[in-house]
Amino acid sequence: MTAARVEAVVDLAALRHNVALLAGLAGRSGASTMAVVKADGYGHGAVPVARAALDAGAAWLGVCTLEEAAELRAGGIGAPVLSWLHVPDEDMTAAVATAVDLGVASPRDLAAAAGAARAAGRPARVHLKIDTGLSRNGCPPHDWGALLDAVAGLVEEGVVEPVAVWSHLAHADDPSHPTLDRQAARLDDAHRAATARLGRPLLAHLANSAATLTRPDLHRDLVRPGIAVYGLDPVEGPGGSGHDLRPAMTFRSRVALVKTVAAGEGVSYGHTWTTPGPRALALVPAGYADGVPRLLGSSGRFAVGIGGVRRPVVGRVCMDQVVVDLGPADEPHGVAEGDEVVLFGPGDGGLPTAAEWAELLGTIHYEVVTGVGGRPRLSRATTGVTQATDGVNPSRTW
Ligand SMILES: *Cc1c(COP(=O)(O)O)cnc(C)c1O
């Protein structure tokens, strides 16, 4: 099969290795593992990732949106799924009908879950989210008692089945940060209050990848690793978390054209690089429309791997292509049209990684992998379209 112009290839064996490692750590604490596959499996493909993760020891799947949960169910995945971020008035009926667990952070979330349960004719399984200090999603502690009262009423009515109390950490990438213990203590308080008020055992969960890897004391009943499933280490600094994670994604393209350019010629838009002598150049048909950020071209340190060798990208990243310097025109470079170009991958032989891109861009590797190829399920709404009445010069706002 001919390789594509540009593609993200996902090594499911690496992914299974990472999940087995994470589930092994969790298992030592008596915890289960929820593989987080939101944002299309961090850009790796939610359904194949979910299958591989379940294969390798995950028992749960975590997603952000109901659409993501529905995609897993449509893909034939019957494992427990938790979906945690909902917009007002979202119809949760299909989620309840297909046994998708719902994160609940407010009376409105709870009412939506209960409404869906009545429509679906079965109780909604809910994970009650307490804000322990991230100040993002989650019920503030001062509203927790009222939320529990509302849950208790709906439990009595038989429409809500509480499953867990959970929260999310703010500083897990810095394992000794004092907020971790404070957040855990607040989670435990909320969990105690919930089990007492609802008169039943509930799961507790808190740990993301970083805490799964470095803070076994915070594993509680269930861990929720995301980025580490994909082989990227969330812990910054030399050595990271110290665990053997393998990056699963290789973002690659192929050489479209090899040619020589005379000395003193500007390369790519704006001529930000000029050939210092006659040069051999390779054209790679991948650009910012494919997830190669234009800002990479400003660093002067952006490289790709061709034939196992790092080669510098020169000039600006365009929408659809970049140019690679292969060296002086009269020296052999061994690069041919059709050769594989590694944009980033596992880093074998010192080739570029997503973490290296993140460093060059001043961001985190999470954003790099989820940015590959865009997010296909983003709906592209067109608003504010105004059609000029005379039929000419329609002005549009997107
Ligand atoms: C994304 C997310 C995770 C996974 O975080 P990682 O840092 O990728 O491990 C866990 N829990 C929640 C609530 C999340 O939003």
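Note that the coordinates shown come from a computational prediction; the quantities given were computed from them, not determined experimentally. (Residues numbered from 1 in each chain as written. Predicted model: local features only at pLDDT ≥ 70, side-chain atom pairs only at ≥ 80, totals over all residues. Heavy atoms only, no water.)

J.: Explanation requested: the overall build of the protein chain in the structure shown.
T.: Each helix and strand in the protein chain was counted, giving eleven helices and 18 strands. Along the first, second and third principal axes, the C-alpha atoms of the protein chain reach 80 × 65 × 40 Å. For the protein chain, with 398 residues in total, the buried portion stands at 47%. When contacts within the protein chain are restricted to residue pairs at least 6 apart in sequence, those whose partners lie at least 24 apart make up 65%. Total accessible area on the protein chain stands at roughly 17900 Å², and carbon and sulfur atoms take up 52% of it. When the 34 positive and 42 negative side-chain charges of the protein chain are each reduced to one mean point, those points stand 1 Å apart. (Helix = DSSP H or I, 4+ residues; strand = E, 2+ residues; numbered from the N terminus. Buried < 20%, exposed > 50% of the residue type's maximum accessible area, 1.4 Å probe, protein only. Contact = heavy atoms within 4.5 Å. Areas by Shrake-Rupley, 256 points an atom, 1.4 Å probe, with all protein chains shown as cover. Lys, Arg positive; Asp, Glu negative; His and termini not counted. Charge placed at Lys NZ, Arg CZ, Asp CG, Glu CD.)

J.: It is not clear to me how the pattern of salt bridges should be interpreted in this structure. Could you clarify?
T.: Under the defined criterion, the tally for this structure stands at 13 salt bridges. Of the charged contacts in the structure, one is a salt bridge between Asp101 and Arg125, with a shortest N-O distance of 2.6 Å. With Asp101 in strand 5 (residues 100–104) and Arg125 in strand 6 (residues 124–129), the pair connects residues that are 24 residues apart, well separated along the chain. Taking relative accessible area as the criterion, Arg125 reaches 27% and is therefore assigned partly exposed. Close ionic contact of Arg220 with Asp188 constitutes a salt bridge, the shortest N to O distance being 2.7 Å. Here Asp188 lies in helix 8 (residues 178–198) and Arg220 lies in the loop between helix 9 (209–214) and strand 9 (222–223), a separation of 32 residues in the sequence. Taken together, the shared-partner salt bridges in this structure form one network comprising Glu7, Arg252 and Glu340. (Salt bridge = Lys/Arg side-chain N within 4 Å of Asp/Glu carboxyl O.)

J.: What exactly am I supposed to notice about the packing of aromatic side chains here?
T.: Pairs of aromatic rings are described using the distance from one ring centre to the other and the angle between the two planes. Counting across every chain of the model gives seven aromatic pairs. Their ring planes at 80° and their centres at 4.9 Å tell us that Phe344 and Trp357 sit as a pair that is edge-to-face. Within this pair, whereas Phe344 is found in strand 18 (residues 340–344), its partner Trp357 is found in helix 10 (residues 354–361), the two being separated by 13 residues in sequence. Accessibility assignment for this pair places Phe344 and Trp357 in one class, buried. A connected cluster of aromatic rings, assembled from ring pairs, spans Phe251, Phe302, Phe344 and Trp357. Between Lys129 and the ring centre of Trp166, over which it is positioned, the NZ or CZ distance is 4.3 Å. (Phe/Tyr/Trp six-rings, centres within 6.5 Å; stacked < 30°, edge-to-face > 60°. Lys NZ or Arg CZ within 6 Å of the ring centre and 35° of its normal.)

In short, geometric facts, not functional conclusions.
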